[in-house]
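# Architecture and fold: a report
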Amino acid sequence: MEYSFEQLNLSKHLRYAIEDLGFEKPTPIQAEAFPVILSGKDVVGISQTGTGKTLAFMLPLLDELKFSKQTTPRIVVLVPTRELVIQLVEQIQEFSKYMDLRVVGVYGGVNMNPQREAVAQGCDIVVGTPGRLYDLTLTRALQLKAVKKLVIDEVDIMLDLGFRVQLTNIFELLPERRQNIMFSATMTEEVDALIDDFFIAPHKIAIALSGT
Ligand code: ADP
Ligand code: MG
């Protein structure tokens, strides 16, 4: 039997948002990722662009987040570029539009002050490029002590761009007890090394190149 959104037993806030988007069933990477992410284990997913990765990790994470509110983020999502930050923030806002969540995007190349104020006001999810996100922690505006979930998307590109040092710096600020979720289009030696250094017995999922 094919995996369905119903099987996830989602809160109605998420169910309605999925219905509004007109999504009828999970893509293959979503169907594989949902139960594994919900198990709380570290996850490494190999999947091409356009296969539906954002929902693959956000849906289980949003479902767990519910409405509980704190001032410091519980989910950090790292992506390699400003464009991806902006896109991801929009996608997350769409999925969580019936939830009362605060999502902030942070990236370099623009003045840091508005972002510093935004995170200082409190947020549930912060999406960012590693360099700017780390810089914000140095200003103390951004505290990572309450982070429960770390997602790294497009990690192969991130390492190609030379973000390994910033990633390591960020890892050191995160609580050790957390779930790590990582997605990459390709499995490179550098990606493998990163997993070895920071992940605990990750569950690996891979989707064939043909996509959805
Ligand atoms: P990726 O991160 O793998 O490149 P995205 O998560 O951005 O992919 O999704 C690619 C496109 O597919 C988006 O336009 C998204 O709205 C759409 N999409 C995602 N999940 C589904 C689904 N279950 N059914 C239909 N369309 C979907
Ligand atoms: Mg994506």
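Computed from a predicted model, the values in this text were never measured in an experiment.

What follows is about the overall build of the protein chain. Regarding its fold elements, the protein chain presents nine helices and seven strands. Since a compact globule built from 212 residues should have a radius of gyration of about 17 Å, the 16 Å found for the protein chain is in line with a globular shape. Dimensions of the protein chain along its principal axes, counting C-alpha atoms only, are 50 × 40 × 30 Å. Counting the 212 residues in the protein chain, one finds 50% classified as buried. Considering only intrachain contacts with a sequence separation of at least 6, the fraction spanning at least 24 residues in the protein chain is 73%. Here the protein chain has roughly 10,100 Å² of accessible surface; of this, 49% comes from carbon and sulfur atoms. Across the protein chain, the mean location of the 21 positive side-chain charges is 8 Å away from that of the 27 negative side-chain charges.

The next subject is the side chain of Glu154. You can see Glu154 is positioned in the loop between strand S5 (149-152) and helix H7 (155-160). Lys53 is the oppositely charged side chain nearest to the buried, salt-bridge-free Glu154, at an N-O distance of 4.4 Å. Glu154 has contacts with Thr49, Lys53, Pro80, Leu84 and Phe183, leaving out every residue within four places of it along the chain.

Moving on: the UniProt feature "short sequence motif: Q motif" (unreviewed entry) in the protein chain. Residues annotated in UniProt with the feature "short sequence motif: Q motif" (unreviewed entry) correspond here to residues 3-31. With 48% helix and 0% strand, residues 3-31 has its two end C-alpha atoms placed 6 Å apart.

Now for the site of ligand 1. Taken together, 14 residues form the shell around ligand 1, and within it Lys25, Gln30, Gly50, Lys53 and Gln91 come nearest. Separating an oxygen atom of ligand 1 from a backbone N or O atom of Gly52 is a distance of 3.2 Å. The protein chains hide 70% of the 560 Å² of surface that ligand 1 would expose on its own.

Within the secondary structure, Thr51 sits in the loop between strand S1 (43-46) and helix H3 (53-65). Residue class for Thr51 comes out buried when judged on its relative accessible area of 3%. In this structure the side chain of Thr51 is engaged in a polar contact, spanning 2.6 Å, whose partner is the backbone oxygen of Gln48.

Moving on: the environment of Ser4. As for its position among the elements, Ser4 is in the segment before helix H1 (12-21). For the pair Ser4 and Gln30, spaced 26 residues apart in sequence, the C-alpha to C-alpha distance is 9.9 Å.

Remark: helix H6 (residues 130-138) packs on helix H8 (residues 164-173), axes separated minimally by 9 Å, with the N-to-C direction vectors making an angle of 40 degrees. When the axes of H6 and H8 are compared, the pair comes out oblique. By crossing handedness, the relation of H6 to H8 is classed as left-handed. On H8, the residues touching Pro130, Gly131, Leu133, Tyr134 and Thr137 of H6 are Gln166, Leu167, Asn169, Ile170 and Leu173.

Let's shift gears to the environment of Ala201. Among the secondary structure elements, Ala201 is positioned in the loop between helix H9 (189-198) and strand S7 (203-206). Using a relative accessible area of 63% as the deciding quantity, one classes Ala201 as exposed. A C-alpha to C-alpha distance of 9.9 Å links Ala201 and Val44, two positions 157 residues apart in sequence.

Quick reminder: α-helices carry 3.6 residues per turn. Residues three or four places apart thus point the same way. Taking 1.5 Å of rise per residue, the 14 residues of helix H4 (residues 82-95) would be expected to cover 20 Å, and the 20 Å separating its terminal C-alpha atoms lies within 8% of that figure. For H4, the complete set of buried residues consists of Val85, Leu88, Val89, Ile92 and Phe95. An end-on view of H4 places all buried positions within 130 degrees of arc, on one side of the element. Exposed side chains of H4 directed beyond 90 degrees from the buried face belong to Glu83 and Glu90.

The rules behind the values
- Residues numbered from 1 in each chain as written.
- Chains lettered and ligands numbered in written order.
- Predicted model: local features only at pLDDT ≥ 70, side-chain atom pairs only at ≥ 80, totals over all residues.
- Heavy atoms only, no water.
- Helix = DSSP H or I, 4+ residues; strand = E, 2+ residues; numbered from the N terminus.
- Rg over C-alpha atoms; globule rule 2.2 N^0.38 Å.
- Buried < 20%, exposed > 50% of the residue type's maximum accessible area, 1.4 Å probe, protein only.
- Contact = heavy atoms within 4.5 Å.
- Areas by Shrake-Rupley, 256 points an atom, 1.4 Å probe, with all protein chains shown as cover.
- Lys, Arg positive; Asp, Glu negative; His and termini not counted.
- Charge placed at Lys NZ, Arg CZ, Asp CG, Glu CD.
- Salt bridge = Lys/Arg side-chain N within 4 Å of Asp/Glu carboxyl O.
- UniProt positions renumbered as here; feature names shortened; annotations may be inferred.
- Near = heavy atom within 4 Å.
- Polar contact = N/O pair within 3.5 Å; in protein donor to acceptor, adjacent residues only side chain to side chain.
- Axes fitted to C-alpha atoms, helices over the stretch in contact; angles between N-to-C directions.
- Parallel < 35°, antiparallel > 145°, perpendicular 65-115°, else oblique.
- Left-handed = near helix turned anticlockwise from the far one by under 90°.
- Expected span 1.5 Å × (residues − 1).
- Arc of directions from axis to C-beta.

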